[in-house]
Amino acid sequence: MKTLFSGIQPSGGAPSLGNYVGALRNWVKLQERYFCVYSIVDMHAITIRHDAAELRKNCRDMLAFLIATGIDPEASVLYYQSAVPAHAELAWILNCYTYMGELSRMTQFKEKSKKHQDNINAGLFTYPVLQAADILLYNAGFVPVGEDQRQHLELSRDIAIRFNNMYGDVFTVPEALIPESGAKIKNLQDPSRKMSKSDGDGDQGVIYMLDPPDSIASKIKRAVTDSESEVRYSETKPGVSNLLDIYSVFTDKTIAEAEKDFAGVKYGPFKNAVAETVAAALSAIQSRYREISADSAYLDKVIASNTPRAAAIAEKTLKAVKERIGFPL
Ligand code: ATP
Ligand code: LTN
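What comes next is a walk through the structure.

It is worth spelling out the overall build of the protein at this point. Along the protein, the regular secondary structure elements total 13 helices and 5 strands. A principal-axis box enclosing the C-alpha atoms of the protein has dimensions of 70 × 45 × 40 Å. Across the protein, the fraction of contacts at a sequence separation of at least 24, relative to all contacts at a separation of at least 6, is 74%. About 15,300 Å² of surface is accessible on the protein, with carbon and sulfur atoms providing 52% of the total. Positive and negative side-chain charges of the protein, numbering 38 and 40 respectively, have mean locations separated by a distance of 1 Å.

Right, dumping it as structure tokens:
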């Protein structure tokens, strides 16, 4: 079986609907066909100022959440990034094979620098190098992510190819797996930007995976649309198209089929139908989450058994890298 790697930051509260649609639901499906390694990337999360107790809690909540969505911690590897030191070690090495110019072009760096002007730290700048290290340590051929990560994946590929050209084939060159629909779910209040879990709890444009049905309904009801009244997918109708994307993903319908369902239907009832579909789909995950997050001993066991599995793979790659670049054996 081929190996696949992906990561999610334990930032903000629960994952957003965007995280689920763009990434997590595929993480679950792909377990059938790949050996999957999934990391809760807490080292990436500290590139933005955070509270220590909150970070620890968010890591644990994310772990419970991932299991609740259907990640199987026996078949797949599920662990905290900071518990495997090889990530930091390889990231340092790869820093020396990544150019300032490349990192300066990263849109996520530019956006986050704008948003956090008081804390443009070096970690934020080299964030994509740590991400490359994550992927390359596990020799992952495939990386399921949302559209916003395409540029980081390209950089990971460039770094792998550069390193291989210098030292022989050490790394597998990874490919991004980006879903055909739902790869970029937009903020409901501002459909020109992506829905982001760290936009904050007060943000009515972000649906969190643990939101109760009435809050999902009220956020979707207030979603920004347009002054027309036709439910149609179009670049000129980003709000409506976003809701159609969400609806089609949760009903397993194509966009054309989704449009047909709402032919002649007004925005009000359209939004109600989308809200009901989302709430119904999330309710099973939410009840599993409540069960799993209450079972502290189980979560401890998952981490205790998975961290060494991750470390064993990562250390093997790191050792090969150290040999190739000439560190004393
Ligand atoms: P943050 O707001 O903390 O930067 P985020 O919501 O962007 O977080 P990440 O942890 O950075 O989430 O990303 C986890 C996965 O979710 C990635 O694969 C990313 O591409 C995907 N993702 C994030 N937001 C969306 C979105 N709005 N639509 C589709 N996929 C998304
Ligand atoms: N930067 C990613 C999270 C991430 C990741 C990874 C994704 C960190 N390391 C490795 C895929 C593979 C993001 O989603 N913002």
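Right, let's get into the nonpolar core. The biggest cluster of nonpolar side chains holds 61 residues, and the ones touching the most others in it are Leu17, Leu63, Leu66, Ile220 and Val278. Counting residues per element, this core draws most heavily on helix H12 (residues 267-294), at 10 residues. If we ignore the near neighbours within four places in the chain, the residues touching Val278 are Leu17, Ile216, Ile220, Ile246 and Phe250. Grouped together as the second largest cluster of nonpolar side chains are 40 residues, Tyr79, Val84, Ala91 and Leu137 included.

If you trace the backbone, Ala258 turns up in helix H11 (residues 255-261). Judged by relative accessible area, which is 0%, Ala258 ranks as buried. Spatially, the C-alpha atoms of Ala258 and Val231 are 9.2 Å apart, while their sequence positions differ by 27 residues. Those residues in contact with Ala258, other than ones at most four positions away along the chain, are Leu244, Tyr247 and Ser248.

Taken together, 21 residues lie around ligand 1, and Ser11, Asp148, Lys194, Ser196 and Ser198 are the ones closest in. Contacts to ligand 1 include Lys112, whose side-chain N or O atom sits 2.6 Å from an oxygen atom. Within the contact set of ligand 1, a nitrogen atom lies 2.8 Å away from a backbone nitrogen or oxygen of Ile185. Among the elements that line the shell around ligand 1, the one with the most residues is helix H1 (residues 17-30), at 4 residues. Among the residues forming the shell around ligand 1, the class breakdown is 6 nonpolar, 10 polar and 5 charged.

Topologically, Arg25 is positioned in helix H1. Buried and unpaired, Arg25 has no salt bridge, with Asp252 as the nearest side chain of opposite charge at 5.9 Å. Here Arg25 is in contact with Tyr20, Pro179, Ser181 and Val249, once residues within four sequence places are set aside.

With that settled, consider helix H8 (residues 150-167). Over its 18 residues, H8 runs 26 Å from end to end, which matches the ideal 26 Å to within 8%, given 1.5 Å per residue. Regarding H8, the residues found buried are His152, Leu153, Leu155, Ser156, Ile159, Ala160, Arg162, Phe163 and Asn164.

What surrounds ligand 2 is a group of 14 residues, the closest being His44, Tyr127, Gln131, Asp134 and Gln149. One of the side-chain nitrogen or oxygen atoms of Gln131 is found 2.9 Å away from a nitrogen atom of ligand 2. One nitrogen or oxygen atom from the side chain of Gln149 is found 3.0 Å from a nitrogen atom belonging to ligand 2. Protein burial of ligand 2: of its 360 Å² of free accessible surface, 92% is covered by the chains. No other element matches the 4 residues that helix H7 (residues 122-137) contributes to the shell around ligand 2. The residue makeup of the shell around ligand 2, split by class, is 6 nonpolar, 7 polar and 1 charged.

Before going further, it helps to examine the pairing of strand E2 (residues 35-40). Most of E2 is tucked away, with 5 of its 6 residues classed as buried. Where strand E1 (residues 3-8) lies against E2, 6 bridges are found, and the strand directions are parallel. From the neighbouring strand, Phe5 faces E2, where its bridge partner is Val37. Handedness of the crossover is the feature at issue here: the chain leaves E1, passes through H1, returns alongside E2, and the resulting connection is right-handed. Note that E2 and strand E3 (residues 77-80) share 4 bridges and pair parallel. Paired with Val37 across the two strands is Val77, which belongs to E3.

For any pair of aromatic rings, geometry is given as the distance between the ring centres together with the angle between the planes. Scanning all chains against the criterion turns up 13 aromatic pairs. With a centroid separation of 4.4 Å and an interplanar angle of 5 degrees, the aromatic rings of Trp27 and Tyr38 are classed as stacked. A residue pair is termed long-range when its members are at least 10 positions apart, and Trp27 in helix H1 and Tyr38 in strand E2 qualify at 11 residues. Among the residues examined, Trp27 registers a relative accessible area of 1% and is labelled buried. Taking the centre distance of 5.3 Å and the plane angle of 55 degrees together, the rings of Tyr34 and Phe142 count as tilted. Separated by 108 residues along the polypeptide, Tyr34 in the loop between H1 and E2 and Phe142 in strand E4 (residues 142-144) bring together distant segments of the chain. A relative accessible area of 12% means that Tyr34 is categorised as buried.

Rules of the game
- Residues numbered from 1 in each chain as written.
- Chains lettered and ligands numbered in written order.
- Predicted model: local features only at pLDDT ≥ 70, side-chain atom pairs only at ≥ 80, totals over all residues.
- Heavy atoms only, no water.
- Helix = DSSP H or I, 4+ residues; strand = E, 2+ residues; numbered from the N terminus.
- Contact = heavy atoms within 4.5 Å.
- Areas by Shrake-Rupley, 256 points an atom, 1.4 Å probe, with all protein chains shown as cover.
- Lys, Arg positive; Asp, Glu negative; His and termini not counted.
- Charge placed at Lys NZ, Arg CZ, Asp CG, Glu CD.
- Core = buried A, V, L, I, M, F, W, Y, C linked by side-chain atoms within 4.5 Å.
- Buried < 20%, exposed > 50% of the residue type's maximum accessible area, 1.4 Å probe, protein only.
- Near = heavy atom within 4 Å.
- Polar contact = N/O pair within 3.5 Å; in protein donor to acceptor, adjacent residues only side chain to side chain.
- Nonpolar A, V, L, I, M, F, W, Y, C, P; charged D, E, K, R; others polar.
- Salt bridge = Lys/Arg side-chain N within 4 Å of Asp/Glu carboxyl O.
- Expected span 1.5 Å × (residues − 1).
- Pairing = 2+ DSSP bridges.
- Right-handed = clockwise from strand over helix to strand, strands pointing away.
- Phe/Tyr/Trp six-rings, centres within 6.5 Å; stacked < 30°, edge-to-face > 60°.

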